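Letter by letter, the chains look like this.
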Amino acid sequence: MTITAFLVNSFSANNTGGNPAGVVLNADKLTNAEKLTIAKEIGFSETAFVAQDHEVDFAVSFYTTTEEVDFCGHATLAVFATLFEQGFLNPGYYTQRTKAGLLGVTIAADGQITMEQALPNYLGNFAYDDLAGLLGLDETTLAKTGLPIDVITTGLPDIIVAVPNGDLDKITIDEEALSKFCQKHNVIGVHAFELCEEQSELTASCRNFAPLVGIPEESATGSASGALACYLSKHVFVQQENHFKFEQGRAMGCSSHISASVYSDEQGVYKVLVGGYANHLGTQDIVIPIGNNT
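Note that the coordinates shown come from a computational prediction; the quantities given were computed from them, not determined experimentally.

Draft legend 1. Looking closely at the overall build of the protein. Across its full length, the protein holds 6 helices and 17 strands. A globule of 294 residues ought to have a C-alpha radius of gyration of about 19 Å, and the protein, at 18 Å, matches this closely. By principal-axis analysis of the C-alpha atoms, the protein measures approximately 55 × 40 × 35 Å. By residue count, 56% of the 294 residues in the protein fall in the buried class.

Encoded structure:
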């Protein structure tokens, strides 16, 4: 059986940078094992599989090279950019079923994709010395920010860590230790950021590390960007409506741009949006054995 996957760079900036994802359409009859085989063959941090759904527009599942995950922001963007580019969808609002819930996606006429994320769940926090060694930084360096280390999920649980401006590129991950730490605390990985200067068009520059699920570092992370937007709205920019622009991937030589918005009222956050653009890289044919049902 031959499966054709679309290869897409998500959160690209002027058709450069971005984070590559695989997209497989008409995936209704694929088994979980076949999806994992395809994801491994493609080799990107995530591959999305699109199937029919009887209640909403699509059911979408997400696989890293090692396992299925509940949600992936940059792969969601890749899915809807592909459906739009291939002429299957017009500009408009759509709903996808994921293991993180039913989430809306808007396609603009210019191809920008904006996805709704799950409302934030604040799962706890860590001390500076819990993370410093895992990042290759001193505890006193992390403490300079005065900001907490929180675990937040808007689809996947990430550890949000602030570092002083100028220290983001100094991070050196201990992959084995970080994987064990994340497994112990039931989180996906670390999303580290430094705030940008006020005159910059960017709010923050970011790095994301998730070696536990086979991602040593990736250049754009949609789910963690939603969590970071909620973090900043809680601790830094305390107001009812915030619009952010994040850069990620600079240290990898693959800079990406991600927009994020958070809407709040007296009861808390009621909407989280993450968006960006994508560009088509090509396709890849993968041959998998028929009947790989394990």
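Draft legend 2. Up close: empty space enclosed by the protein. Scanning the entire structure with this criterion turns up 1 cavity of 30 Å³ or more. Size it by volume and the largest cavity reaches roughly 120 Å³. Those elements giving two or more residues to the lining of the largest cavity turn out to be helix H2 (73-85), strand S13 (204-210), strand S14 (215-218) and helix H6 (222-235). Split by residue class, the lining of the largest cavity holds 9 nonpolar, 7 polar and 3 charged.

Draft legend 3. Representation of the layout of surface pockets in the model. Within this model, the largest pocket holds a volume of roughly 220 Å³. Lining of the largest pocket is provided by 14 residues; of these, Asp70, Leu156, Pro157, Asn186 and Ile188 occupy positions nearest its centre. Those elements giving two or more residues to the lining of the largest pocket turn out to be strand S5 (68-69) and helix H5 (175-185). When grouped by side-chain class, the residues that make up the lining of the largest pocket number 8 nonpolar, 3 polar and 3 charged.

Draft legend 4. Here's a closer look at the side chain of Ser179. Note on placement: Ser179 falls in helix H5. Relative accessible area serves as the criterion here: at 15%, Ser179 is assigned to the buried category. If near-sequence neighbours (up to four positions away) are discounted, Ser179 is found in contact with Pro211 and Leu212.

Draft legend 5. Inspection of the environment of Phe237 at higher detail. For Phe237, the location among the structural elements is in the loop between H6 and strand S15 (241-248). When the C-alpha positions of Phe237 and Ser256 are compared, they lie 23 Å apart, and in sequence the two are 19 residues distant. Once residues lying within four places of it in the same chain are set aside, the contact partners of Phe237 are Thr203, Leu232, Asn242 and Phe244.

Draft legend 6. A look at the nonpolar core. Core analysis: the biggest nonpolar cluster contains 54 residues, and Phe80, Phe193, Tyr231 and Phe246 have the highest contact counts within it. The leading source of residues in this core is H2, at 7 residues. Every residue in contact with Tyr231, bar those within four places of it in the chain, is listed here: Leu147, Pro148, Asp150, Ile152, Ile160, Ala162, Phe193 and Val236. Listed in part, the 22 residues of the second largest apolar core include Ala132, Leu134, Leu142 and Ile173.

Draft legend 7. Region of the structure containing the pattern of salt bridges. In this structure the tally under the stated criterion is 10 salt bridges. For Asp169, the salt bridge is made with Arg250, and the minimal N-O distance between the two is 3.2 Å. One end of the pair, Asp169, is in the loop between strand S11 (157-162) and H5; the other, Arg250, is in the loop between S15 and strand S16 (256-265), and 81 residues separate them in sequence. One salt bridge connects Arg250 with Glu194, and the closest N-O pair in it is separated by 3.1 Å.

Draft legend 8. Focus on the packing of aromatic side chains. Under the defined criterion, the tally for this structure stands at 8 aromatic pairs. Aromatic pair Tyr263 and Tyr270: ring centres 6.3 Å apart, planes at 40°, arrangement tilted. For Tyr263, a relative accessible area of 18% corresponds to the buried category. Site record: aromatic cluster; members linked through ring pairs are Phe237, Phe244 and Phe246.

Draft legend 9. Representation of a negative patch on the surface within the structure. Among the surface-exposed residues, Asp129, Asp130, Asp138 and Glu139 lie close enough to one another that they form a single negatively charged patch. You can see Asp129 is positioned in helix H3 (residues 128-135). The class of Asp129 is partly exposed, set by a relative accessible area of 47%.

Draft legend 10. Local environment of H3. Listing the buried residues of H3 in full gives Leu131, Ala132, Leu134 and Leu135. In this fold, the buried residues of H3 make contact with strand S9 (121-126), helix H4 (139-143), strand S10 (149-153), S11, H5 and strand S12 (189-195). Among the residues trailing H3, Gly136 stands out with phi positive, at a value near 75°.

Rules used throughout
- Residues numbered from 1 in each chain as written.
- Predicted model: local features only at pLDDT ≥ 70, side-chain atom pairs only at ≥ 80, totals over all residues.
- Heavy atoms only, no water.
- Helix = DSSP H or I, 4+ residues; strand = E, 2+ residues; numbered from the N terminus.
- Rg over C-alpha atoms; globule rule 2.2 N^0.38 Å.
- Buried < 20%, exposed > 50% of the residue type's maximum accessible area, 1.4 Å probe, protein only.
- 1 Å grid on protein atoms, 1.4 Å probe; cavity = no way out; pocket = protein on both sides within 12 Å on 5 of 7 lines; lining within 4 Å.
- Points joined across faces, edges and corners; volume = space filled by probe spheres on them.
- Nonpolar A, V, L, I, M, F, W, Y, C, P; charged D, E, K, R; others polar.
- Contact = heavy atoms within 4.5 Å.
- Core = buried A, V, L, I, M, F, W, Y, C linked by side-chain atoms within 4.5 Å.
- Salt bridge = Lys/Arg side-chain N within 4 Å of Asp/Glu carboxyl O.
- Phe/Tyr/Trp six-rings, centres within 6.5 Å; stacked < 30°, edge-to-face > 60°.
- Patch = residues over 30% accessible without salt bridge, like charges linked within 9 Å, V, L, I, M, F, W, Y side chains within 5 Å.
- Areas by Shrake-Rupley, 256 points an atom, 1.4 Å probe, with all protein chains shown as cover.
- Lys, Arg positive; Asp, Glu negative; His and termini not counted.
- Charge placed at Lys NZ, Arg CZ, Asp CG, Glu CD.

Functional significance is not addressed by these values, which are geometric in nature.
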